[in-house]
Structures are given as structure tokens and as C-alpha cells.
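Each chain, letter by letter, is given below.
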Amino acid sequence: MTYARALRCRRCGREYPLEAFSICDFCFGPVEVVYDYEAIAANMTKDTVVAAPWTMWRYKDLLPVGDKVIDIGSTVTPLVKADNLGRRLGLKDLYVKNDCVNPTNSFKDRVVAVAVSRALDFGFDTVACASTGNLANSVAAHAAKAGLKAFVFIPADLEQGKVVGTAIYGPNVVTVKGNYDEVNRLCSEIAENYNWGFVNINLRPYYSEGSKTLAYEVAEQLGWRAPAYAVVPAASGSLYTKIWKGLGELHKIGFIGNVGTRMFLAQAAGCSPIVDAYKSGSTQVRPVKPNTIAKSIAIGNPADGFYALKVIKESNGGAWAAPDPEIIDAIKLLAETEGIFAETAGGVVIACLKRLAEAGAIRDDGPTVAYITGNGLKTQEAVLGALTPPTLVEPSFNSFEAALNGKGRQG
Ligand SMILES: *Cc1c(COP(=O)(O)O)cnc(C)c1O
Ligand SMILES: [Zn+2]
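### Quick word on the sheet that holds strand 9 (residues 197-198)
- Pairing in this open sheet of 4 strands is parallel, and the strands run 8-7-6-9 from one edge to the other. Two strands bound the open sheet, and with one partner strand each, they are strand 8 (172-176) and strand 9.
- By the bridge criterion, 5 bridges tie strand 6 (residues 126-130) to strand 7 (residues 149-155) in an arrangement that is parallel. Residue pairing across strands places Ala-128 opposite Phe-151, the latter belonging to strand 7.

Given below as C-alpha cells:
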């Protein structure tokens, strides 16, 4: 049972049955899932949501899944009131949505849970993906739980944590000598020749809907209202556009008032095609060659860039790109103020948030939510050189005190 009604082309509006493809036959525009919102509004109430288990499936009526879903134990993630960080940035009403704590340690568990559930409905025996790392982890884990075969394609230069965190689940890992955009191109070709469920290619319309749960959860956690400001990292731009879609849907079914959220998009300066287009006032995203430590969001040719630019405009939002040294400082700042160890994409978000607050683009007139989408243990290489080394002592009290005093004199 699903309220998803059809796939509809975002460019020409043609509708299709809910099958496994992502591009309109007629105009080559991307298709997206549309729903019967009247039926959803008639069936889904805040009470039914609140009474449901504390997982993303409490919003199942707004997702394109049937009764059987693949669940590896994700829960609703914390929305942390970030008072310490807020003091540093001059923001009194700041929250961090902490998606570091998902089962495979990134927000990708949301999108993959939807895509793999759908893959089972479609009867695929193999799921696959082109990934910058986090998607690979999550696809491998969900495939294991679903009893499906998995093929995971990643660039050959990924962080070790991302590779180990994929291989452990036993998929076929293919490392490609190239960047993500080249991996993705290769996968599109494979997808045409093999009958596999590629979560971010032929299952992409379903996959991307999972991101909406990051809008629903935050609205519920804020007491059923939309944030005034959101800062969201962008790779393909899918997450950013779907948070906006999700907030709009909650308004449509009467759960929240008007959505006045100003949506800010964050990229790394070493891969900022969407920010560049926004700054130059263009509606066309020009592909770039990524060169940044923020590998999880290093997509040089973002599939949803055009739509992300539209959301920046519609929401009266903005965009910012953070250089690598600021990303590292921001990872440390978030850890030292809030006790949250984010991966590089989180550093991008906090670095951009800091700049936006300094510039007065984000003010104190309502809640700001910074979306932290992945766990720092996966990208330790990025911060290794930037940390105070541990103090080495002999196993004796004297040695400890000598070291402590030595430190005291220096400091
Ligand atoms: C995949 C990913 C994103 C966003 O990706 P989109 O393609 O823009 O949806 C953000 N942060 C992390 C850590 C990711 O892995
Ligand atoms: Zn079309």
C-alpha cells in the first residue's frame, strides 16, 4: 500500500507508472514521484505519526514504499540544541541535526532504505551504486540485510574508512581509476546492460525521496514548524532539493504553517559547481573537476544542480563554498563545542554556517538547522595533521607530573 501515484517528468510533466527508471523517454528530463496528497491528509495525522515507532518509517505515507521495508535499525536522529556553537557564532537558536549516528554513520541510510525496499518490490536480485563512499557503505549494509547481491563502484582514492566500511558487509567492491563523475558514467553504461537495481540511477526517483525524512523529523522535533534557516551540504543537490520538497509536503497536508525556510546550500570550494552558478547568476551548472578533502560531496557534475538553483531562488536562500582549511577548522569547532565528530561534509556545513552568520545572511530571528550528514570516523585522514598529539609518559606518577608541569610551563 502506497500513496505514491506515478512518476512525473519534472521538465515536461508527462506521467509514467511507478517503474525502475529515472529519465523521461520523451524529453530526457528527470522523473520524480508524485503522491495522492488528499488521501495522505485524510489518513495521516500528527497523532498517528507521534504514536508510530521512533524511526523514519513513521512518515511512510509520504514515501514510495509498500508494506515491506528493509530496516537495519535506523532511528529518528537527534536534533541537538547547539548552544555552545551558537555562542561562538552569535546565534541563539541554533540546532544541529546529527545524522552521524545512523547505522552506517551517514544520512545515506535514509535514501538507501527506500531504494532497496523498492528494489525488492521490483524483483531485482542485485543492487548497485556509484558512490563517493557513504552510499557504498549503506548499500552494502542494506543489501546484506535484504539478502540481495551488491555491486558497489567507488573512486579508487577514497578514505580507508569508507572502503573498509563497505567491504565488511561482503558486497562486490569495484574501485575505479577515476573521479566520481567517471564512476557514475561507467555505472550508467552498466545499468543499461545489466538488470540491476542501481539505487542512484534507475532507482533514483525512489532513493531521493528518502531525503525528505530529514525535513519531516526536523519539523516534528521543532514542535511542528519549519526552521527559519537551513544549511544543507550538496553533492548532486538531491538532499537539498528534497528537504525543501518535504517541508512543502508537510504544509500541504496541514502539519505545519507556511514554509518560510531560507535554504542555504553548502559546498567545498574545491568542488562548488552549484555555488559558482548561483554566484554568477546563471541557471546552468558548469561541471568542474573536484579537488577537495570533502570527498563525500565531491560531485563535479551535479544531477540536481538546476533544481537546487531553483530552490535557492524560491526560498530566498543562498549558497556558500568553504575552502579546505576552513573545513578542517569547522570540524574541530563542532567537535570542541558540541561533542559531535562530523566528517568533511559536516565541516563544510559548519564553515559555511559561520561565514553566513558573520555576513548577516543568517540571523537570530528563528531556528537555524545545520544538517550534519556523516560521521568523522570515516574521514580521519582529513584531520589527522590538525590535532594536538597525545602526551606520552612512562607508567609512573613522576613521569606524568613531569609531563603535566612541562606542559604547564609551555602553555
Ligand atoms: C551524499 C551525501 C550528501 C548529499 O548528497 P546529494 O547528492 O547532494 O544528495 C551530503 N553529505 C554526505 C556526507 C553525503 O554522503
Ligand atoms: Zn519529460
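### Focus on the site of ligand 1
- In the vicinity of ligand 1 there are 15 residues, among which Lys-108, Asn-134, Ala-235, Ser-236 and Thr-373 approach most closely.
- With respect to ligand 1, the backbone of Gly-237 contributes an N or O atom lying 2.9 Å from an oxygen atom.
- Isolated, ligand 1 exposes 390 Å² of accessible area, and the fraction of that covered by the protein chains is 97%.
- Grouping the amino acids of the shell around ligand 1 by side-chain chemistry returns 7 nonpolar, 6 polar and 2 charged.

### As for the packing of helix 5 (residues 134-146) against helix 6 (residues 160-167)
- At a minimum axis distance of 8 Å, the contact between helix 5 and helix 6 shows a crossing angle of 10 degrees. As the angle between them shows, helix 5 and helix 6 are arranged roughly parallel. Crossing of helix 5 against helix 6: the hand is left-handed. From helix 5, Asn-134, Ala-136, Asn-137 and Ala-140 reach across to helix 6, where they touch Lys-162, Gly-165 and Thr-166.

### Digging into helix 4 (residues 108-122)
- In a regular helix each residue adds 1.5 Å, so 15 residues correspond to 21 Å; helix 4 covers 21 Å between its end C-alpha atoms and thus fits that length.
- Along helix 4, the residues that are buried comprise Lys-108, Asp-109, Arg-110, Val-111, Val-112, Ala-113, Val-114, Ala-115, Val-116, Ser-117, Arg-118 and Ala-119.
- On the buried face of helix 4, the contacting elements are strand 5 (94-98), strand 6, helix 5, helix 8 (204-209) and helix 9 (213-221).
- Positive phi appears at Gly-123, one or two residues downstream of helix 4, with a value of about 85 degrees.

### Some words on the coordination of the zinc ion (ligand 2)
- Surrounding the zinc ion (ligand 2) are the protein donor atoms Cys-9 (SG), Cys-12 (SG), Cys-24 (SG) and Cys-27 (SG), which sit 2.3 to 2.4 Å from the metal.
- One way to put it: the 4 donor atoms around the zinc ion (ligand 2) meet at angles of 97 to 116 degrees, and that makes the site tetrahedral.
- Mapping the donors of the zinc ion (ligand 2) onto the primary sequence yields the spacing C-x2-C-x11-C-x2-C. One end of the pair, Cys-12, is in the loop between strand 1 (4-9) and strand 2 (15-16); the other, Cys-27, is in the loop between strand 2 and strand 3 (31-35), with 15 residues separating them in the sequence.
- Overall, the relative accessible area of 34% leaves Cys-12 in the partly exposed class.

### Focus: the sheet that holds strand 13 (residues 368-372)
- Pairing is mixed across the open sheet formed by 6 strands, whose spatial order is 4-5-13-10-11-12. Two strands lie at the open edges of the sheet, namely strand 4 (79-81) and strand 12 (318-322), each paired on one side alone. Going from strand to strand, the sheet's axes swing by 25 degrees on average, the running direction of each strand aside.
- Bridge count for strand 10 (residues 229-233) against strand 11 (residues 262-268) is 5 bridges, and the pairing is parallel. The partner of Tyr-229 across the bridge, within strand 11, is Arg-262.

### Description of the pairing of strand 6
- Of all 5 residues in strand 6, 5 are buried; the element is thus mostly enclosed.
- Residues Thr-126, Ala-128 and Ala-130 point to one face of strand 6 and Val-127 and Cys-129 to the other, with burial holding for every one of them.
- Following the chain from strand 6 across helix 5 to the adjacent parallel strand 7, one finds a crossover that is right-handed.
- Relative to strand 9, strand 6 runs parallel, the two sharing 2 bridges.

### What about the pairing of strand 7?
- Across the 7 residues that make up strand 7, a large majority, 5, are buried.
- Relative to strand 8, strand 7 runs parallel, the two being bridged by 5 bridges. Considered in strand 8, the bridge of Ile-154 is made with Thr-175.

### A look at the pattern of salt bridges
- The full count for this structure, using the stated rule, is 25 salt bridges.
- Here Arg-5 ties to Glu-15 by a salt bridge, and the two come within 3.2 Å at their closest N and O atoms. Here the residue Arg-5 occupies a position in strand 1, and Glu-15 occupies one in strand 2, the gap between them amounting to 10 residues.
- The salt bridge partner of Lys-97 is Glu-217, with a shortest N-O separation of 2.7 Å. Of the two residues, Lys-97 sits in strand 5 while Glu-217 sits in helix 9, which places them 120 residues apart along the sequence. Across this residue pair, the class does not change: Lys-97 and Glu-217 are buried.
- When salt bridges that share partners are traced, they join Arg-10, Glu-32, Arg-204, Glu-209, Lys-212, Lys-242, Lys-245, Glu-249 and Asp-304 into one network.

Rules used throughout
- Residues numbered from 1 in each chain as written.
- Chains lettered and ligands numbered in written order.
- Predicted model: local features only at pLDDT ≥ 70, side-chain atom pairs only at ≥ 80, totals over all residues.
- Heavy atoms only, no water.
- Pairing = 2+ DSSP bridges.
- Helix = DSSP H or I, 4+ residues; strand = E, 2+ residues; numbered from the N terminus.
- Near = heavy atom within 4 Å.
- Polar contact = N/O pair within 3.5 Å; in protein donor to acceptor, adjacent residues only side chain to side chain.
- Areas by Shrake-Rupley, 256 points an atom, 1.4 Å probe, with all protein chains shown as cover.
- Nonpolar A, V, L, I, M, F, W, Y, C, P; charged D, E, K, R; others polar.
- Axes fitted to C-alpha atoms, helices over the stretch in contact; angles between N-to-C directions.
- Parallel < 35°, antiparallel > 145°, perpendicular 65-115°, else oblique.
- Left-handed = near helix turned anticlockwise from the far one by under 90°.
- Contact = heavy atoms within 4.5 Å.
- Expected span 1.5 Å × (residues − 1).
- Buried < 20%, exposed > 50% of the residue type's maximum accessible area, 1.4 Å probe, protein only.
- Donors = N, O, S within 2.8 Å, 3.2 Å for Na, K, Ca; no water.
- Tetrahedral: all angles 85-135°; square planar, octahedral: opposite > 155°, others 65-115°.
- Right-handed = clockwise from strand over helix to strand, strands pointing away.
- Salt bridge = Lys/Arg side-chain N within 4 Å of Asp/Glu carboxyl O.

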